[in-house]
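A structural walkthrough
Here are the chains, one letter per residue:
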Amino acid sequence: MENTLNEKFDYVVVGAGAAGLASAQYAARGGISVLVLDVAGAGGQVLQIADLENYPGVFPTVDGTTFIMTMQKQTEAFGAKIVQAQVLSIDKVNESFIIKTPKASYEAKALCLATGAIHRNLEVPGEKEFTGRGVSYCATCDGPFFRNKKIVVVGGGDSACSEAIYLSTLSKDVTIVHRRDKFRAQQAVIDKMLAAGVKPVYDSVVKSINGEMKVSSVTLENVKTGEQTNLETDAVFIFTGMLPQTDLVDMLPKDNAGYIITDENMETSVPGLFAAGDVRSKPFRQVVTATSDGAIAAHIASERIRNAK
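Scope of this entry: the structure provided in the associated data block.

1. Focus: the overall build of the protein
A tally of helices and strands in the protein yields 6 helices and 17 strands. Projected onto its principal axes, the C-alpha coordinates of the protein cover approximately 65 × 40 × 35 Å. In the protein, which comprises 309 residues, the share counted as buried stands at 50%. Within the protein, contacts between residues separated by at least 24 positions form 60% of all contacts whose residues are at least 6 apart in sequence. Accessible surface, the protein: about 15300 Å² in total, of which carbon and sulfur atoms supply 51%. The positive charge centre, built from 31 side chains, and the negative charge centre, built from 35, are 2 Å apart in the protein.

Below is the structure:
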């Protein structure tokens, strides 16, 4: 389908998660014209949070959907336009960025990439076959289906441990499998998880997910001894890292894990092109750091655009 529209904006944000909406909000409040594009609409990884308990100033806890919907209303109230559309390409022509979607093209003086990251797969037999039939990547989405059932969580970071805590409210039989001898999550999260009765299995990886019509067990292998064991389970929740969504700007410099490298202003190696949130190379990925990234990118971009005018 041909592009039928060519609108101009000062600032375009690709991605409507926490980083993207925060960036759009700060830019629009700064008095420049702002467009947000996202194929799925507002949301991102925040939608998978059951209780957002560590965002400063938000207390008591709120669920991720409530949080992001409030952000969307706030962003639109400041004057940003949000369009649900897939971005097909991003090009820089002279000093402007050209962003193409299936139905329209947009031109911007500055652009922020806030496309986030998606869950990494285990790539083991049974994972693909049982997705939706016992294999899941979202505890808040699918956890209630396995209330009082046997549950296995795979991973060792903040996400895995946090999801294990949530799942422990649904079942007393939750096991977390981690390939190392200690978790990578924040100690407060680890302590809370263990106190909730989640059973850890260290130094182990999943070799296969087994069953017939649905998941019935996982085969685990001890990475130090090579010994394999079968663990009965009704569900496998996988949280083993993320894959940054960088396809639109594959030419940009990235770190060893594939995240986009920026300076302290969130600017990439291309002048005027910023990156914020989970797609960016940084030591800590949380909602609060995503919104911070977005705000900084918007501040720098807005300042330059206003000075140019």
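2. Section: the sheet that holds strand β12 (residues 204-211)
Pairing is antiparallel in the open sheet, where 3 strands are placed in the order β12-β13-β14. Each end of this open sheet is capped by a strand with a single partner; those strands are β12 and β14 (228-232). Taken over all neighbouring pairs, the strand axes of this sheet differ in orientation by 25 degrees on average, direction set aside. Two strands pair when backbone bridges link them, and β12 and strand β13 (residues 215-222) are joined in this way by 7 bridges, in the antiparallel orientation. Bridge pairing links Val206 to Leu220 in β13.

3. Some words on the pairing of strand β10 (residues 174-177)
Of the two faces of β10, the one holding Val174 and Ile176 and the one holding Thr175 and Val177 are both buried throughout. As defined by bridge partners, strand β9 (residues 151-154) adjoins β10 across 4 bridges and the pair is classed as parallel. If you follow Ile151 over to β10, its bridge partner there is Val174. On the question of chirality, the crossover connecting β9 to the parallel β10 by way of helix α4 (residues 158-168) is right-handed. Running through helix α5 (residues 187-195), the crossover from β10 to the neighbouring parallel element strand β11 (residues 199-201) is right-handed.

4. A closer look at the environment of Thr219
With respect to the helices and strands, Thr219 occurs in strand β13. In this structure the C-alpha to C-alpha distance between Thr219 and Lys207, which are 12 residues apart in sequence, comes to 5.5 Å. Setting aside residues up to four positions removed in sequence, Thr219 forms contacts with Val205, Val206, Lys207, Ser208, Asn210, Gln228, Thr229 and Asn230.

5. What about the sheet that holds strand β8 (residues 135-136)?
The strand order across the open sheet formed by 5 strands is β8-β15-β9-β10-β11, and the pairing between neighbours is parallel. Strands at the two margins of the open sheet, each flanked by one partner only, are β8 and β11. Across the sheet, α4 lies against β9, β10 and β15 (235-238), angled at about 170 degrees from β10, the strand it touches most.

6. Some remarks on the pairing of strand β3 (residues 81-84)
One ladder, built from 4 bridges, connects strand β2 (residues 34-38) with β3; its direction is parallel. Following the sheet pairing, Leu35 is matched in β3 by Lys81. For the crossover from β2 across helix α2 (residues 64-77) to β3, the handedness is right-handed.

7. Details of α4
Most of α4 is tucked away: 9 of the 11 residues are buried. Buried within α4 we find Asp158, Ala160, Cys161, Glu163, Ala164, Ile165, Tyr166, Leu167 and Ser168. Lining the buried residues of α4 we find α3 (139-142), β9, β10, α5 and β15.

8. As for the nonpolar core
With 35 residues, the main nonpolar core has Tyr11, Val34, Phe67 and Phe274 as its most contacted residues. Breaking this core down by element, the ones donating at least two residues are β1 (6-14), α1 (18-29), β2, α2, β6 (105-113) and α6 (287-308). Filtering out sequence-adjacent residues up to four positions away, Phe274 remains in contact with Ala110, Leu111, Cys112, Leu113, Asn265, Met266, Glu267, Thr268, Ala297, Ile300, Ala301 and Arg304.

9. A word on the packing of α1 against α2
Two elements in contact, α1 and α2, have axes whose closest approach is 9 Å; the angle formed by their N-to-C orientations is 25 degrees. Of the possible angle classes, the one that applies to α1 and α2 is roughly parallel. As for how α1 packs across α2, the hand of that crossing is left-handed. Residue-level contacts link Ala18, Leu21, Ala22, Ala24 and Gln25 of α1 to Ile68, Met71, Gln72, Gln74 and Thr75 of α2. Of the residues contributing to the contact of α1 with α2, the split by class is 6 nonpolar, 4 polar and no charged.

Rules used in this analysis
Residues numbered from 1 in each chain as written. Predicted model: local features only at pLDDT ≥ 70, side-chain atom pairs only at ≥ 80, totals over all residues. Heavy atoms only, no water. Helix = DSSP H or I, 4+ residues; strand = E, 2+ residues; numbered from the N terminus. Buried < 20%, exposed > 50% of the residue type's maximum accessible area, 1.4 Å probe, protein only. Contact = heavy atoms within 4.5 Å. Areas by Shrake-Rupley, 256 points an atom, 1.4 Å probe, with all protein chains shown as cover. Lys, Arg positive; Asp, Glu negative; His and termini not counted. Charge placed at Lys NZ, Arg CZ, Asp CG, Glu CD. Pairing = 2+ DSSP bridges. Axes fitted to C-alpha atoms, helices over the stretch in contact; angles between N-to-C directions. Right-handed = clockwise from strand over helix to strand, strands pointing away. Core = buried A, V, L, I, M, F, W, Y, C linked by side-chain atoms within 4.5 Å. Parallel < 35°, antiparallel > 145°, perpendicular 65-115°, else oblique. Left-handed = near helix turned anticlockwise from the far one by under 90°. Nonpolar A, V, L, I, M, F, W, Y, C, P; charged D, E, K, R; others polar.

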